[in-house]
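Remarks on the overall topology
Read off the chains here:
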Amino acid sequence: MPDRKSVSTFPEITEPVLKFISARGKNKRVTPQPFGQGVPDDLSGLIAPEQPEIPDVSEVEAVRHFTRLSRRNFGVDQGMYPLGSCTMKYNPKISEAIAQSIAEKHPADRFAMSNVLRALAALKRYLTDICGMEGCSLWPAAGAHGELTGMLIIKKAISSKGEKRSLVLIPDTAHGTNPASCAIAGFQIKNIPSGPKGYLEAKTLKEHLTPEVAALMITNPNTLGIFEQEIREIADLLHANGSYLYMDGANLNAIMGMARPGDMGVDCMHVNLHKTFSTPHGGGGPGAGPVLVNEELEKFLPVPRIVHEPHKPFVLSYDAPESIGRVHSFLGNVSVLIKALVYIVSIGPGGICEASRTAVLNANYLKKKLSEIFDLPYETPTLHEFVLSDKNQKDAHVSTMDMAKALMDYGFHPPTVYFPLVVPGAIMIEPTETESLAELDRFAEAMKEIAELAKTDPESFHARPLMTPVARVDEVKAARSLILSWNEIKSNSL
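Cut-offs used in this document
- Residues numbered from 1 in each chain as written.
- Predicted model: local features only at pLDDT ≥ 70, side-chain atom pairs only at ≥ 80, totals over all residues.
- Heavy atoms only, no water.
- Salt bridge = Lys/Arg side-chain N within 4 Å of Asp/Glu carboxyl O.
- Helix = DSSP H or I, 4+ residues; strand = E, 2+ residues; numbered from the N terminus.
- Buried < 20%, exposed > 50% of the residue type's maximum accessible area, 1.4 Å probe, protein only.
- Expected span 1.5 Å × (residues − 1).
- Pairing = 2+ DSSP bridges.
- Right-handed = clockwise from strand over helix to strand, strands pointing away.
- 1 Å grid on protein atoms, 1.4 Å probe; cavity = no way out; pocket = protein on both sides within 12 Å on 5 of 7 lines; lining within 4 Å.
- Points joined across faces, edges and corners; volume = space filled by probe spheres on them.
- Nonpolar A, V, L, I, M, F, W, Y, C, P; charged D, E, K, R; others polar.
- Contact = heavy atoms within 4.5 Å.
- Axes fitted to C-alpha atoms, helices over the stretch in contact; angles between N-to-C directions.
- Parallel < 35°, antiparallel > 145°, perpendicular 65-115°, else oblique.
- Left-handed = near helix turned anticlockwise from the far one by under 90°.
- Bend = angle between axes of the 7 residues up to and from the residue.
- Phe/Tyr/Trp six-rings, centres within 6.5 Å; stacked < 30°, edge-to-face > 60°.
- Disulfide = S-S within 2.5 Å.
- Core = buried A, V, L, I, M, F, W, Y, C linked by side-chain atoms within 4.5 Å.

1. Points about the pattern of salt bridges
Tallied over the entire structure, the rule returns 20 salt bridges. Between K26 and E61 there is a salt bridge; the shortest N-O distance is 2.9 Å. Note that K26 is positioned in the loop between β1 (7-8) and α1 (59-71) and E61 in helix α1, a separation of 35 residues in sequence. Residue classification places K26 among the partly exposed residues on the basis of a relative accessible area of 29%. Among the ionic pairs, R165 bridges to E163, the shortest N-O distance being 2.9 Å.

See below:
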């Protein structure tokens with residue numbers, strides 16, 4: 001059993017909140033009081049009767065407090081972030097700067113908005129070209145939102161034909177959000193197994209095809225990093241059955257510029273701009289998950305649509321009677337869309353291909369180095385990411401979680417763990433194309449040291465990490481006792 005004293009209660013706050021270092025008179029700066037005197041009688045009711053309860057601290061204390069907090073976070077600007085299937089790659093600062101330039105444009109300024117719409121129309125053209133699709137909606141606010149939008153489009157298409165198909169097939173190597181998105185759209189879900197080589201076989205799909213099947217929702221490349229090698233045959237089987245092929249395009253960064261989903265027979269898909277096109281990862285904040293469709297499904301795309309006639313401004317149109325309606329207010333998360341456009345334009349067609357090649361090369365370089373030490377459950381060639389397991393360390397009672405925590409002491413964010421579910425003790429690693437050879441080697445050496453330590457000192461793993469601001473947290477308590485606000489922390493006396 002690990003020493004409980006080394007396990008912090010959750011959450012451990014080692015930096016006091018400003019309220020605890022507050023004391024009357026610490027702030028020597030004069031606080032502006034523009035309405036303290038001479039307030040007209042008709043406005044006096046708007047003045048708060050008491051001063052707000054804000055911490056009384058000096059300016060330097062406040063600055064140091066927030067600076068210390070900022071250093072306790074970890075981001076891709078700080079170090080390698082090999083979170084598998086999340087593509088935490090570097091976000092160019094030029095994209096941030098250009099996207100910021102639209103912040104002061106008012107939506108009612110028709111001329112200014114025409115230029116914004118012109119830029120968004122260009123992004124749509126680039127995405128449809130890269131994916132080989134016919135239509136695109138930029139408005140979904142995240143990948144999962146894109147999945148839901150896509151499934152609502154398919155549902156509308158089925159309904160428009162007078163059919164009542166209600167079943168969506170999802171392989172066991174799909175992203176975890178896929179079943180939830182289908183269920184919210186009103187479909188029933190059936191999980192189907194991938195083959196022994198880690199990809200869905202057409203003969204397996206054939207066994208599950210019935211008149212009830214509305215679609216197959218497949219992640220390609222899948223969460224093992226393996227390209228779905230029978231995708232074209234799978235598409236033909238679905239279409240012959242009157243079903244649609246939805247592709248989760250979250251892993252498009254492995255194939256962009258090299259292969260197009262539309263050419264594989266995909267009917268509908270989404271892309272995650274934060275993954276493939278280097279916008280910041282949402283993490284609960286603003287994201288973007290554009291949806292792309294073939295010609296048949298284009299009329300069902302959300303409104304508004306960007307339209308343009310020669311010699312006239314770009315405008316929005318709501319004239320789409322068969323649309324599924326609105327999925328986001330106004331223009332979605334427009335700054336994220338602009339960042340993606342800047343990324344595409346700045347690297348060009350050659351850069352798009354190069355990004356995919358380098359992402360695949362980096363992943364396979366690490367895979368080759370680490371598969372000599374860790375268990376590699378599938379020998380099938382992989383693309384931008386790969387999955388190891390803790391099988392070789394289990395006899396020493398060292399788990400995937402232990403090794404992920406230990407990696408933090410080497411200055412790396414842990415990889416994705418225990419996913420996909422088809423691999424017990426999975427360690428999913430995606431280095432991305434933005435990491436240097438030196439950083440890849442440093443990561444490989446850290447993993448090798450961890451594997452060696454698992455042999456020589458396995459007991460030490462259960463207390464790791466040892467050098468981070470917050471020690472090993474109680475994962476079970478964190479999962480079972482969600483405390484998300486300061487008031488809850490106070491009432492629970494943590």
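2. A look at helix α3 (residues 110-131)
Since the α-helix turns once every 3.6 residues, residues separated by three or four places project in the same direction. The terminal C-alpha atoms of α3 lie 31 Å apart, and with 22 residues this matches the ideal 32 Å at 1.5 Å per residue to within 8%. G132 sits one or two residues past α3 and shows a positive phi near 70 degrees.

3. Notes on the pairing of strand β3 (residues 167-171)
Burial runs high along β3: 5 of the 5 residues are buried. Residues L167, L169 and P171 point to one face of β3 and V168 and I170 to the other, with burial holding for every one of them. Pairing between β3 and strand β4 (residues 188-192): 5 bridges, direction parallel. In the strand pairing of β4, L169 is matched with K190. Where the polypeptide runs from β3 across helix α5 (residues 177-184) and back to β4, its parallel neighbour, the crossover connection is right-handed. Sheet topology places β3 next to strand β5 (residues 213-219); 3 bridges connect them, and they run parallel. Across the sheet, the residue bridging to V168 is A215, located in β5.

4. Section: empty space enclosed by the protein
The final tally for this structure, using the stated rule, is 2 cavities of 30 Å³ or more. Looking at the largest cavity, its volume works out to about 50 Å³. Forming the boundary of the largest cavity are L224, I226, K367, L376, P377, Y378, T380, T382, F386 and V387. Among the residues making up the lining of the largest cavity, the classes are represented as 7 nonpolar, 2 polar and 1 charged. The computed volume of the second largest cavity comes to approximately 30 Å³. If you go around the second largest cavity, the residues you meet are T400, M403, A404, L407, P415, V417, I427 and M447.

5. Topic: the side chain of T400
Checked against the element boundaries, T400 lands in helix α10 (residues 400-408). Ignoring anything within four residues of it in the chain, the contact list for T400 reads D390, V417, Y418, G425, A426 and I427.

6. Let's talk about the packing of helix α4 (residues 143-160) against α5
Running from N to C, α4 and α5 cross one another at 40 degrees; their axes reach a closest spacing of 9 Å. Compared by their axis directions, α4 and α5 come out oblique. Considering how the two elements wind past one another, α4 and α5 form a crossing that is right-handed. Every residue of α5 that contacts α4 at A144, E147, L148 and M151 is listed here: T177, N178, S181, C182 and I184.

7. Description of helix α9 (residues 334-370)
Taking 1.5 Å as the rise per residue, α9 with 37 residues should run 54 Å; its terminal C-alpha atoms sit only 40 Å apart, a clear shortfall. Its axis deflected by about 100 degrees at G348, α9 carries its strongest bend there, up to four residues before the proline P349.

8. Some details on unusual backbone geometry
Residue P221 is reached from N220 by a cis peptide bond, and omega for that bond is -5 degrees. Relative to the elements of secondary structure, P221 occurs in the loop between β5 and α7 (231-240). Residue P304 is reached from V303 by a cis peptide bond, and omega for that bond is 0 degrees. Among the structural elements, P304 can be located in the loop between β8 (291-293) and β9 (305-307). Positive phi outside glycine occurs at H311, with the angle close to 70 degrees. Relative to the assigned elements, H311 resides in the loop between β9 and β10 (315-317). Here F330, not a glycine, exhibits a phi torsion of approximately 45 degrees, which is positive.

9. A word on the packing of aromatic side chains
Tallying each qualifying case throughout the model produces 3 aromatic pairs. Geometrically, the ring pair formed by F74 and Y81 is tilted, given 5.8 Å between the ring centres and 55 degrees between the ring planes. A relative accessible area of 24% places F74 in the partly exposed class. Accessibility expressed as a relative area gives 14% for Y81, which makes it buried. Ring geometry for F412 versus F443: centroids 5.2 Å apart, planes at 90 degrees, classification edge-to-face. In this pair, F412 is assigned in the loop between α10 and β12 (416-417) and F443 in helix α11 (residues 437-456), connecting sequence segments 31 residues apart. Across the pair, exposure class does not vary: F412 and F443 are buried alike.

10. A short note on the state of the cysteines
Under the definition given, this model contains 0 disulfides. Lacking any disulfide linkage, C131 is separated from the closest cysteine sulfur, that of C136, by 8.0 Å. Its relative accessible area of 0% is what places C131 among the buried residues. Note on C268: no disulfide assigned, nearest cysteine sulfur contributed by C136 at a separation of 11 Å.

11. Description of the sheet that holds strand β11 (residues 386-389)
What the 3 strands build is an open sheet, ordered β11-β13-β12; its pairing is antiparallel. Where the open sheet ends on each side, the last strands, each with one partner, are β11 and β12. One ladder, built from 4 bridges, connects β11 with strand β13 (residues 426-429); its direction is antiparallel. Bridging from a neighbouring strand, L388 pairs with I427 of β13.

12. Quick notes on the nonpolar core
Nonpolar side chains in soluble globular proteins generally cluster together in the buried interior. With 62 residues, the main nonpolar core has L120, L127, L205, L216 and F277 as its most contacted residues. Contributing elements (two or more residues each) for this core: α3, β3, α6 (202-208), β5, α7, β6 (244-248) and α9. Counting 24 residues, the second-largest nonpolar core is a separate cluster that includes L376, I429, A444 and F461.

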